[in-house]
Amino acid sequence: MALIQALDHQRNLKTTNLASRWTHLAMMFQRLFLLQFFLLLSLTTATAKRLKTIPRLSPIGPRVWRDQPDKTTLGEFDGEGFETFFYDQTLDHFNYRPESYDTFLQRYLINSKYWGGANVSAPILVYLGAEESIEGDLAAVGFLADNAVQFSSLLVFIEHRYYGKSIPFGSREEALKDASKRGYFNSAQAIADYAAIIIHIKETLRAQYSPVIVIGGSYGGMLASWFRLKYPHIALGALASSAPILYFDDITPQDGYYSIVTKDFREASETCYQTIKMSWSGIDELASKPDGLSMLSKKFKTCTPLTDASELKDHLDTMYASAAQYNRPPTYPVNEVCKGIDGGGFGDDVLSRIFGGLVAYKGNLSCYVNAHTDPSETTVGWRWQTCSEMAIPIGVGNNSMFPPDPFDLKDFIENCMSLYGVPTRPHWVTTYYGGHSIKLILERFASNIIFSNGLRDPYSSGGVLENISDTVVALKTVNGSHCLDILFAEETDPEWLVSQRKMEIKIIKEWINKYYVDLTML
């Protein structure tokens, strides 16, 4: 306790009061911001095509699957003991204009219960937050907690700027209201934030020689791998789970994502796959009839009347993609959706079977499709991130259970320009971090990165699936899903998942042990 109390003098009454005022302001302006966002969106859709949605990158996934098992951790970690701190973070790490020196409070959490201490250079495991509030990650990402005892490690979770309580300019509405303020919202600034906080923690704890391992999932996994490349003097190694770092600049075929979604469903059930494939034309056919949208709304028990068939199709598209991306044991949502579709409990026609799949996925609800809900902070933030730099060109090809829908970069850039007033930079990620000819490049200068993937995860199509060198390694599981390896271990975990985690731990221990040997040579 004394260690934590000594950690951060910034967490005094003044800082606490300031944080409280910022939270209050955020709540005041949230509704105003959402109103402005929808007004902007409605103005642009009149003159531009619907902006293609890039499936979100998150370790956790949607909170809709009805049979997700309760978390049961296997280690000694009790899940408690985290303390919250706010770091006075620099707004702009890469410029020296007066406004660049503005600061904001960035949230991070620390647990020192099992840390061996600075005097023995015990390790520090750092989770790099991504496109959501850090609370969600803390509740679901268990790799750090499950292994705190055997590593004798300090645990750190850092929130990504512009999410949760780490909001510049005093409120989310103010931070996102124009291009000049949104311009500080990017991955390079985010990993520079992480570098500053990690250095601050090590200096405060006098833990200069404690090795740091950064861990992230999905977009956060990309950040972890890029952090190791950009800041090797800060992080000894990185575990990048389900990180599609090759899904940029057409390195990966555009239809890679939806090809795996289709493969997952076809392997679960051929009849389910065929039913879904036929359903899109069935939806359009019914919608084209007089009062067809009303009939569709009734059949699918929509929460509000459909105004266009695309609202239903988008909802089903998202459901199938989410079921595949987060197709986790022991229930495997893809199998459950197909059981609902094949079961015919609501009728034998195609659309009734599709509704059966919807019920199987979400459970018995009063209504199912609501195209007019307020967007979450992740939806709003990820929309900006994909429109600015994270332009992952996901399209649908001809050999799919979905209607063909190729990614049109020109239309995407025009829509983003309409929304935000700045054009997308589709080549910046590969320019800044690399990606082309990755094996040829990384084997010459990169080290100590684990790229882990589950091959049922649609985003694995853009992941690193083969070893690059002895220390930049790829671990993959045939039945794994998105970020499954970094979630809390459970009693029901299959042996292949247990083995994957054991291999990750073994590799990280080898990095740390070699580091300690090198440390004795100083």
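The shown structure was predicted, so the numbers you read here are calculated from the model rather than taken from an experiment.

Caption draft 1: Molecular detail of unusual backbone geometry. With an omega of 0°, the peptide bond between P329 and P330 qualifies as cis. As for its placement among the helices and strands, P330 is situated in the loop between α13 (309-325) and α14 (333-343). For S218, which is not glycine, the phi torsion reads 70° and is therefore positive. Structurally, S218 can be placed in the loop between β5 (212-217) and α9 (219-230). In this structure S218 comes out as buried when scored by relative accessible area, which is 0%. With a phi close to 50°, S437 is a non-glycine residue in the positive phi region. The topology assignment puts S437 in the loop between α18 (428-432) and α19 (438-445).

Caption draft 2: Fine view of the state of the cysteines. Counted under the stated rule, the structure contains three disulfides. The disulfide that involves C303 links it to C367, with 2.1 Å between the sulfurs. Judged by the sign of its S-S torsion, about 90°, the bond between C303 and C367 is right-handed. Here C367 lies in the loop between α15 (350-362) and α16 (377-388) and C303 lies in the loop between α12 (292-299) and α13, a separation of 64 residues in the sequence. When its relative accessible area of 30% is taken as the criterion, C303 is described as partly exposed. Residue pairing for C387: its cysteine sulfur links by disulfide to C416, the two sulfurs lying 2.0 Å apart.

Caption draft 3: Spatial organisation of the pattern of salt bridges. If you walk through the whole model with that rule in mind, you get 20 salt bridges. Put simply, E174 and K181 hold a salt bridge, and the shortest N to O gap is 3.5 Å. E174 sits in the partly exposed class, given a relative accessible area of 22%. By relative accessible area, K181 is classed as buried at 17%. Its salt-bridge partner being D284, residue K313 comes within 2.8 Å of it at the nearest N-O pair.

Caption draft 4: A look at the nonpolar core. V214, F227, F265 and Y320 are the most contacted members of the largest nonpolar core, which totals 114 residues. The element that contributes the greatest number of residues to this core is helix α8 (residues 187-204), accounting for nine residues. Of the domains in this structure, domain 1 (82-249 + 431-521) and domain 2 (253-425) are the two that each give at least three residues to this core. For F265, the residues in contact, after removing those within four places along its chain, are C272, Y273, I276, Y320, A323, A324, V334, V337, C338 and M401.

Caption draft 5: Molecular detail of a nonpolar patch on the surface. Taken together, L440, I441 and F445 make up a surface patch of nonpolar side chains, about 300 Å² in accessible area. The topology assignment puts I441 in helix α19.

Caption draft 6: Inspection of the sheet that holds strand β2 (residues 103-111) at higher detail. With respect to topology, eight strands assemble into an open sheet ordered β1-β2-β4-β3-β5-β6-β7-β8, the strand pairing being mixed. The open sheet has two free edges, formed respectively by β1 (83-90) and β8 (472-477), since each of these has just one partner strand. Averaged over all neighbouring strand pairs, the angle between strand axes comes to 20°, with direction disregarded. Taken together, the six bridges between strand β7 (residues 449-454) and β8 define a ladder with parallel strand orientation. Across the sheet, I449 pairs through a bridge with V472, a residue of β8. Against the sheet, helix α20 (residues 495-520) contacts β5, β6 (237-241), β7 and β8, and its axis sits at roughly 175° relative to β7.

What counts and what doesn't
- Starting from 1, residues in each chain are numbered consecutively following that chain's sequence as written.
- With the structure being a predicted model, the display of local features is reserved for residues of pLDDT at least 70 and the display and counting of side-chain atom pairs for 80 or more, all residues being used for whole-chain, interface and lining totals.
- Excluding hydrogens and water, the side-chain values take into account all heavy atoms of the structure.
- Each helix corresponds to a stretch of at least 4 residues labelled H or I by DSSP, and each strand to a stretch of at least 2 residues labelled E; elements are numbered beginning at the N terminus.
- Think of it in three bands: with a 1.4 Å probe and only protein chains considered, a residue is buried below 20% of the maximum accessible area for its type, exposed above 50%, and partly exposed in between.
- Note on disulfides: each one is a pair of cysteine sulfur atoms within 2.5 Å.
- The term salt bridge refers to a side-chain nitrogen of Lys or Arg lying within 4 Å of a carboxyl oxygen of Asp or Glu.
- Put simply, buried Ala, Val, Leu, Ile, Met, Phe, Trp, Tyr and Cys residues joined by side-chain atoms within 4.5 Å make one nonpolar core.
- Domain start and stop positions are those given by an automatic or database domain assignment.
- Only heavy atoms matter for contacts: two residues are in contact if any of them lie within 4.5 Å across the pair.
- Within this analysis, patches are made of residues with over 30% relative accessible area and no salt bridge. Like charges are joined at 9 Å or less; nonpolar side chains (Val, Leu, Ile, Met, Phe, Trp, Tyr) at 5 Å or less.
- Accessible surface is estimated by sampling points in the Shrake-Rupley manner with a 1.4 Å probe; for residues, cover comes only from the protein chains shown.
- By definition, two strands form a pair when at least two bridges between them are found by DSSP.
- Here an angle of 0 to 180 degrees is reported between the N-to-C directions of two axes, which are lines fitted to C-alpha atoms, with helices fitted over the stretch in contact.

Functional significance is not addressed by these values, which are geometric in nature.
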